[in-house]
Each structure stands twice: as C-alpha cells, then as structure tokens.
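Now for the letters of each chain:
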Amino acid sequence: MLMSDIQVVESHFLISASNANNAPAPKDSEIVCLGRSNVGKSTFINTILNKPLAKSSATPGKTQLINFFTSLWIYENERIPLTFIDLPGFGYAKVSKSLKAQWEEHLFHFLQTRQSLKLFLHLVDSRHINTQKDQIMSGLLEKISHNDQYILRIYTKADKLTQNELNALKNSIDSHKDKNLPNTHCLIFSANTKNHRKMTSVAQMRAKILTYTLGLQNGI
Ligand SMILES: Nc1nc2c(ncn2[C@@H]2O[C@H](COP(=O)(O)OP(=O)(O)OP(=O)(O)O)[C@@H](O)[C@H]2O)c(=O)[nH]1
Ligand SMILES: [Mg+2]
C-alpha cells in the first residue's frame, strides 16, 4: 500500500474554545498544532486538510482561540476520523504580560490534560530554529508526553531558506538527533513547495501524521 492511497475525504470547522474546560468532549484521535506566532500553524492545517478552514494571516496573532477541525481520512479501506486543533501562537507580544501568562497557562493545562491528543506538531520557523521559546516548548512537550503520544518538530517556511541553509538544516537533522529530545522527530516542510528532495511533501506529511497518530510501529 502506498502513501498516495491516503485520502482526506472530508474536513470541517467544528468549534472554538477558550480553554480546556470549555473544549468539546474528545471524539477522535487528536492532532494539535503549536508554535510561535506566525510560524504557519493555520496554513499547515489548511495544507494537510486541503481546504482553507483555519484563518491565516501575515500579521502575527491571528488565531486567538483553540480551534477544532474534524476530518475523515481513508486508508486501506478504513475510515479514520481525525481532529486537528489549531492553537494561538505562543509569545505573541501585543497582549499584556498578565494576559499572556494566563493564556499560556490555559494552553499548557490543555496540552497536559487532554488525553485524546496523540500527536503534538511543534512548528518552528526554519530561519530561527533555536529560539528560547521553542527550546522551552520542546522541553515541556518531552516532559508531559505519555507513551502513546508523539512529538513532531516541523521546520516550516523552508522555501525561504537558501539552498545552502536548507542543506545545512537537513544535515543537522540527519546527523545528530538531539539527545535532550529523545521523543521528538524532525521534518522540513513548506506550504508553497510541491516537491523537493530535502523537504517532506504533503503526501509524506499525511503519512507521517497517520503513522504517529495511530501509533503504527512500522510506518506507512
Ligand atoms: N513562504 C511561506 N509562507 C508561509 C508558509 N506557511 C505559512 N506562511 C505564511 O506565514 C504567515 C503566517 O501564517 P499562519 O498560518 O497564519 O501562521 P500561524 O502560526 O497560524 O499564526 P498565528 O495564528 O498568528 O499564531 C501567512 O502570511 C502565511 O501565508 C510557508 O511554508 N512558506
Ligand atoms: Mg493561526
């Protein structure tokens, strides 16, 4: 069976929530997109679901709530419902410090307590791969993730890198897996570039998402 046999046949916006307590009861396996403001979280979900469901914007701070999107995938004649969750970016500077701290606490509580989350997609801008905020987030994810939860660190906007920068990023991922992040797998992605041998294509990304979300040991 080929990964091109994966199809996303339906996707819809479900609901927005402001914190873990008013989030909808989990139905399906859930995949959450998190990362700094403007890194491309909403665009990523739209690209994977092949529909402009999540609002994206060139101005940081676009997504302000926890947004839920349901989708139906078909693989090997099985119907697999998956829910995607788009989060506001962390570290968005235009709200007051106290509001920011309160919000980050809400989000963290959500990530920590929502058992239906199977995959954390930590999106990181390819041009700024080691910000303090991302390092902190990586550490937190490693700490809170259970045995049946996976972490993918996705380097976004790779189309903005020069060929040399892209090669260097790819080599660093391939050659030294971060010993401090044993449960985190890294991929390079662009929402604009169709096929590039150093990047993960949309079809490959869907296969990865399905593999990790369903906990398939041997991949697809
Ligand atoms: N060149 C390029 N631009 C991208 C890519 N992905 C997203 N963008 C652009 O980056 C900007 C931010 O994208 P969003 O998807 O809104 O980012 P976000 O992480 O959801 O942002 P917040 O909701 O503010 O946290 C938009 O102008 C997108 O078009 C990409 O792969 N390549
Ligand atoms: Mg967004």
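- The name that an unreviewed UniProt entry assigns to the protein chain is Probable GTP-binding protein EngB, with the source organism given as Helicobacter japonicus.
- Looking at the Cofactor (unreviewed entry) heading of the UniProt record, one finds this comment for the protein chain: "Mg(2+)".
- What UniProt states about the protein chain under its Sequence similarities (unreviewed entry) heading is, verbatim, "Belongs to the TRAFAC class TrmE-Era-EngA-EngB-Septin-like GTPase superfamily. EngB GTPase family."

### Quick look at the overall build of the protein chain
Logical step 1: When you go through the protein chain residue by residue, the secondary structure sums to five helices and seven strands.
Logical step 2: Counting helices and strands in the order they occur from the N terminus, the protein chain gives β-β-α-β-β-α-β-α-β-α-β-α.
Logical step 3: The dimensions of the protein chain, computed from C-alpha atoms along their principal axes, are 45 × 40 × 35 Å.
Logical step 4: Residues classed as buried in the protein chain amount to 46% of the 220 residues present.
Logical step 5: A sequence separation of at least 24 residues applies to 73% of the contacts in the protein chain between residues at least 6 apart.
Logical step 6: If you sum the accessible surface of the protein chain, you get close to 11,500 Å²; carbon and sulfur atoms cover 49% of it.
Logical step 7: Side chains of the protein chain carry 26 positive and 17 negative charges; the gap between the two charge centres is 6 Å.

### Quick look at the pattern of salt bridges
Logical step 1: Evaluated as defined, the whole model comprises five salt bridges.
Logical step 2: The partner of Arg 36 in a salt bridge is Asp 134, with the nearest N and O atoms 3.3 Å apart. Taken as a pair, Arg 36 in the loop between β2 (29-35) and α1 (41-49) and Asp 134 in helix α3 (residues 132-144) lie far apart in primary sequence, 98 residues in all.
Logical step 3: By relative accessible area, Asp 134 is classed as buried at 0%.
Logical step 4: Between Asp 125 and Arg 127 there is a salt bridge; the shortest N-O distance is 2.8 Å.
Logical step 5: For Arg 127, a relative accessible area of 36% puts it in the partly exposed group.

### A look at the coordination of the magnesium ion (ligand 2)
Logical step 1: At the metal site, the magnesium ion (ligand 2) is ligated by Ser 42 (OG) and Thr 63 (OG1), and these contacts range over 2.0 to 2.2 Å. With Ser 42 in helix α1 and Thr 63 in the loop between α1 and β3 (66-75), this residue pair connects regions lying 21 residues apart in the sequence.
Logical step 2: The class of Ser 42 is buried, set by a relative accessible area of 7%.
Logical step 3: When its relative accessible area of 14% is taken as the criterion, Thr 63 is described as buried.

The rules behind the values
- Residue numbers run consecutively from 1 along every chain, following the written order of its sequence.
- Working convention: letters from A go to chains and numbers from 1 go to ligands, in the order in which they are written.
- Owing to the predicted nature of the model, reporting of local features is limited to residues with pLDDT of at least 70; listing and counting of side-chain atom pairs is limited to 80 or more, with chain, interface and lining totals taken over all residues.
- Hydrogens and water molecules were not included; the side-chain quantities draw on all heavy atoms of the structure.
- UniProt positions are given in the numbering used here, feature names are shortened, and annotations may be inferred rather than shown by experiment.
- Secondary structure elements are taken from DSSP: a helix is a run of H or I of four residues or more, a strand is a run of E of two residues or more, and numbering for both begins at the N terminus.
- Burial classification: accessible surface area is computed with a 1.4 Å probe over protein chains only, and a residue below 20% of its type maximum counts as buried, one above 50% as exposed, and the rest as partly exposed.
- The contact criterion used is simple: two residues touch if any of their non-hydrogen atoms lie within 4.5 Å.
- Methods summary: accessible areas were calculated by the Shrake-Rupley approach with a probe of 1.4 Å, and residue burial reflects only the protein chains presented.
- When charges are counted, neither His nor the chain ends are considered; positive counts come from Lys and Arg and negative counts from Asp and Glu.
- Charge placement uses NZ in Lys and CZ in Arg. For Asp and Glu, CG and CD serve respectively.
- Definition used for salt bridges: Asp or Glu carboxyl oxygen within 4 Å of a side-chain nitrogen of Lys or Arg.
- Coordinating donors are taken to be N, O and S atoms lying within 2.8 Å of the metal, or within 3.2 Å when the metal is Na, K or Ca; because water is excluded from the atom set, some sites may appear incomplete.

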